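# Understanding the architecture of this molecule
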Amino acid sequence: MDFIRKYFQLDKYNTSIKVEFIAGLTTFISMSYILFVNPSVLGASGMNTGAVFTATALASALGTAIMGIVANYPIGEAPALGINAFFAYTVCVGMHVKWQTALASVFVASIIFILITLFKLREKIIDSIPADLKFAISSGIGLFIAFLGLQNGKLIVANKSTLVGLGSLHDPLVWITIFGLLVTVILMILNVPGAIFIGMVLAAIFGICTGQIALPHKVISTAPSLAPTFGQAIFHVKDINTVQMWVVVLTFLLVTFFDTAGTLIGLAQQAGFMENNKMPRVGKALAADSSAMAVGSVLGTSPVGAFVESSAGIAVGGRTGLTAVFVAIFFLISMIFSPLLGVFTSQVTAPALIIVGVLMAQNTAHIHWNKLEIAVPSFLIILGMPLTYSISDGLSWGMITYPICMLAAKRGKEISPMMWVLFFVFIIFLWVLNF
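Everything numeric here is computed off the predicted structure, so don't read it as measured data.

## Structural notes on the overall build of the protein chain
A tally of regular secondary structure across the protein chain gives 19 helices and four strands. What you see for the protein chain is a C-alpha radius of gyration of 21 Å, in line with the 22 Å of a compact globule of 435 residues. Considered along the principal axes of its C-alpha atoms, the protein chain spans approximately 60 × 60 × 45 Å. Residue burial in the protein chain is summarised as follows: out of 435 residues, 56% are buried. Pairs at least 24 apart in sequence give 79% of the contacts found in the protein chain among residues at least 6 apart.

## Description of the confidence of the model for the protein chain
On average, the protein chain scores 88 in pLDDT, and the residues at 70 or more come to 97%. For the protein chain, helix α7 (residues 121–128) is the element with the lowest average pLDDT, namely 70, and helix α4 (residues 49–69) is the one with the highest, namely 95.

## Some words on empty space enclosed by the protein
One pass over the full model with this rule turns up one cavity of 30 Å³ or more. In this model, the largest cavity occupies a volume close to 40 Å³. Around the largest cavity sit A80, I83, V255, T256, D259, T260, P303, V304 and G305, which together line it. Every element with two or more residues in the lining of the largest cavity is listed here: α12 (243–271) and β4 (304–306). At four residues, α12 tops the list of elements feeding residues into the lining of the largest cavity. Per-class residue counts for the lining of the largest cavity are five nonpolar, three polar and one charged.

## Focus on the side chain of N152
By the secondary structure assignment, N152 is in helix α8 (residues 131–152). Of the residues examined, N152 reaches a relative accessible area of 16% and is grouped as buried. Residues contacting N152, with those up to four places away along its chain left out, are Y89, S346, Q347, A350 and L353.

## Describing the packing of aromatic side chains
On inspection of all chains with the given rule, the structure shows 18 aromatic pairs. With a centroid separation of 5.6 Å and an interplanar angle of 40°, the aromatic rings of F28 and F330 are classed as tilted. Here F28, found in helix α2 (residues 17–31), pairs with F330, found in helix α15 (residues 321–334); they are 302 residues apart in sequence, far enough to count as distant. Across this residue pair, the class does not change: F28 and F330 are buried. The interplanar angle of 10° and the centroid separation of 4.4 Å between the aromatic rings of F179 and F206 together place this pair among those described as stacked. Placement of the pair is F179 in helix α9 (residues 172–189) and F206 in helix α10 (residues 195–209), with a sequence separation of 27 residues. Overall, the relative accessible area of 24% leaves F206 in the partly exposed class.

## Notes on the pattern of salt bridges
Taken as a whole and judged by the stated rule, the model has four salt bridges. One salt bridge in this structure joins R5 and D11, with 2.5 Å as the shortest N-O distance. Here R5 falls in the partly exposed class, since its relative accessible area comes to 27%. Note on D11: relative accessible area 56%, which makes it exposed. The residue E414 makes a salt bridge to R411 at a minimum N-O spacing of 2.8 Å. Connected via shared salt-bridge partners are E373, R411 and E414.

## Digging into α4
Under the 1.5 Å per step criterion, the end-to-end length of α4 is 30 Å for 21 residues, consistent within 8% with the ideal 30 Å. Most of α4 is tucked away: 15 of the 21 residues are buried. In this structure N48 caps α4, since a side-chain oxygen of it lies 3.0 Å from the backbone nitrogen of G50.

## A look at α8
An α-helical turn contains 3.6 residues, so a residue and the one three or four places further along point in the same direction. If you check α8, its first and last C-alpha atoms are 32 Å apart, about what 22 residues at 1.5 Å a residue would give, namely 32 Å. Most of α8 is tucked away, with 16 of its 22 residues classed as buried.

## Considering the nonpolar core
If you look at the biggest cluster of nonpolar residues, it comprises 104 residues, and the most contacted ones within it are Y33, F87, M200 and F252. Setting aside its immediate chain neighbours within four residues, M200 contacts Y33, F36, V37, F344, V348, T349 and A352. Counting residues in hydrophobic clusters, the runner-up holds 16 residues, among them Y73, A268, F273 and I314.

## Looking at the packing of helix α17 (residues 372–388) against helix α18 (residues 391–408)
For the pair α17 and α18, the least separation of the axes is 7 Å and the interaxial angle reads 165°. The angle between α17 and α18 falls in the class roughly antiparallel. Where α17 crosses over α18, the handedness of that crossing is right-handed. Here α17 contributes E373, I374, V376, P377, L380, I381, G384, M385 and T388 to the contact with α18, which in turn contributes I391, D393, G394, L395, W397, G398, T401, Y402, C405 and M406.

## Here's the deal with the pairing of strand β3 (residues 163–166)
Summarising the sheet, strand β2 (residues 156–159) and β3 pair through four bridges and their orientation is antiparallel. By the bridge assignment, A158 is partnered in β3 with V164. Counting the residues between successive antiparallel strands, the hairpin from β2 to β3 contains three residues.

## So, a nonpolar patch on the surface
A contiguous nonpolar surface patch, about 510 Å² in accessible area, is contributed by I111, L115, L118, F119 and L121. The biggest single contributor to the nonpolar patch is helix α6 (residues 99–118), with three residues. Mapped onto the fold, I111 is located in helix α6. A relative accessible area of 35% means that I111 is categorised as partly exposed.

Calculation rules
- Residues numbered from 1 in each chain as written.
- Predicted model: local features only at pLDDT ≥ 70, side-chain atom pairs only at ≥ 80, totals over all residues.
- Heavy atoms only, no water.
- Helix = DSSP H or I, 4+ residues; strand = E, 2+ residues; numbered from the N terminus.
- Rg over C-alpha atoms; globule rule 2.2 N^0.38 Å.
- Buried < 20%, exposed > 50% of the residue type's maximum accessible area, 1.4 Å probe, protein only.
- Contact = heavy atoms within 4.5 Å.
- pLDDT = per-residue confidence, 0-100.
- 1 Å grid on protein atoms, 1.4 Å probe; cavity = no way out; pocket = protein on both sides within 12 Å on 5 of 7 lines; lining within 4 Å.
- Points joined across faces, edges and corners; volume = space filled by probe spheres on them.
- Nonpolar A, V, L, I, M, F, W, Y, C, P; charged D, E, K, R; others polar.
- Phe/Tyr/Trp six-rings, centres within 6.5 Å; stacked < 30°, edge-to-face > 60°.
- Salt bridge = Lys/Arg side-chain N within 4 Å of Asp/Glu carboxyl O.
- Expected span 1.5 Å × (residues − 1).
- Polar contact = N/O pair within 3.5 Å; in protein donor to acceptor, adjacent residues only side chain to side chain.
- Core = buried A, V, L, I, M, F, W, Y, C linked by side-chain atoms within 4.5 Å.
- Axes fitted to C-alpha atoms, helices over the stretch in contact; angles between N-to-C directions.
- Parallel < 35°, antiparallel > 145°, perpendicular 65-115°, else oblique.
- Left-handed = near helix turned anticlockwise from the far one by under 90°.
- Pairing = 2+ DSSP bridges.
- Patch = residues over 30% accessible without salt bridge, like charges linked within 9 Å, V, L, I, M, F, W, Y side chains within 5 Å.
- Areas by Shrake-Rupley, 256 points an atom, 1.4 Å probe, with all protein chains shown as cover.

As structure tokens, this is what we get:
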């Protein structure tokens, strides 16, 4: 016990093993929905959901353990919502890329991630991107995730006349989503820890009671085999041989880049870790998510990054890496509950996607809407992601229009060299998609 107290500096941060345990449990419950949502999302790409479940648990446990033991931060890691949607719906479904090749793209992006982290280029690149666009990217991903949730929950359906329309209330599956959403919203407003997870459980029970979801034959079993996905990322690296695939690699890199960096900074501010506007041990924290991303791709899941739900554990007193270690242990234990996958249908997980979308969309408040040269590219990013059904397309709209708008506003000197690089990169990206 003394070793644990000294290693994690519990006295320095005025915390205890009991407090860190409760914080770890709170964080795990808050982010555990990813165990069921991630297989549901990646399943659209043709991946084996059982293997994805196990890969999600293992990658989350590893990334979180590294974050706690190496960086000493109470932050959980798991495959991020948004980028997994890009993986499944944009790359695999939209671009007709095999999921094995998509995993290889994640693996290559993670290697680049590790390299730029080692050479401390990551912080420099982050600094070169305007804060407004970072907030727009996060908000746009939030709207895209919410749109997916509304679609999966059948609250929004295809309409030949207007492209999209309201789903039918005569469909009993819709009521599972409505029930889950209302319960989750109420629980979150009441600040109930693990509101998203509890909402999913209650929605599943509602579906079972109404006869729309079949009861599982058992609750506990051995973890599903990783065989269908393990190592595919490495075996298919050779398939990344086109400009289009390298644009996919770059997109995985950029989106994960901005998402995890913003989350880390936000959580560090919440916990009071920031010193002179800088995050202590940021290099170690960045190394945790980049290495977890690499291992996760080999196991068989989309990019792993810091989870904003870690704020729940921080809110109840978690201040050290011991919180993260407990979260990692809970993820390992969770692997025996794979039979519940069939209960957590797309209608059950839909409210989680919608709520996370709401949380991410809050970043729009930080955008300077009164300056048109900022508002236009930010708006195009936010609106472009859900309407094009593509995170990368929405990104391209904003990254291309930003330099043009800034030049028109006679603020060309404020455009960083990296923004000009991204300007040309995304022009090539759109050209590749169209030709």
